[in-house]
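Structure at a glance
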Amino acid sequence: MKKLSSVLLTAAALSLTAPAAFAADAERNDRLYDAAGSSVAKVNRVAADGDVLVIYKGKLRRVQAETLSKTDGKLTTSLTKKELRRLK
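All values reported here derive from a predicted model rather than from experimental measurement.

What follows is about the pattern of salt bridges. Counted according to the given criterion, the structure contains 3 salt bridges. Here Asp30 and Lys70 are joined by a salt bridge, their closest N and O atoms 3.9 Å apart. Here the residue Asp30 occupies a position in the loop between helix H1 (2-25) and strand E1 (31-33), and Lys70 occupies one in strand E5 (residues 68-71), the gap between them amounting to 40 residues. Asp49 is the partner of Arg62 in a salt bridge, and the nearest nitrogen-oxygen pair spans 3.4 Å. Pair noted here: Arg62 is in strand E4 (residues 59-63) and Asp49 is in the loop between strand E2 (39-46) and strand E3 (52-56), with a separation of 13 residues, a long-range link. Here the salt bridges do not stand alone but share partners, grouping Asp49, Asp51 and Arg62 into one network.

Okay, here's the thing in structure tokens:
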């Protein structure tokens, strides 16, 4: 039982620190790419929780940190352009 508690606490701690890691990776003016590898927009702002704000199709969109990764040094979201259009 003690081992299970330890594993759960470790998993919880890692999930709480994950957004901070994304916030460190994304910077203002980084180019954001969609799931297909197409350029979307430049990062306008990085929120404290690691989400990035971009202006896409004339509107400010908040892209969640959970969808972001660095692929070959490029900031990439797992979202498609269609999904990005639906963001608020």
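Topologically, Lys59 is positioned in strand E4. The sequence separation of Lys59 and Arg85 amounts to 26 residues, and the corresponding C-alpha distance is 8.8 Å.

Procedures and definitions
- Chains are numbered independently. Their residues run from 1 in the order of the written sequence.
- Only residues with pLDDT of at least 70 get local features here, since the model is predicted, and only at 80 or more are side-chain atom pairs given and counted; chain-wide, interface and lining totals rely on the full set of residues.
- To obtain the side-chain values, all non-hydrogen atoms of the structure were used and water was disregarded.
- For salt bridges, the criterion is a side-chain nitrogen of Lys or Arg within 4 Å of an Asp or Glu carboxyl oxygen.
- Think of it this way: any DSSP run of H or I at least four residues long counts as a helix, any run of E at least two long counts as a strand, and we number them from the N terminus.

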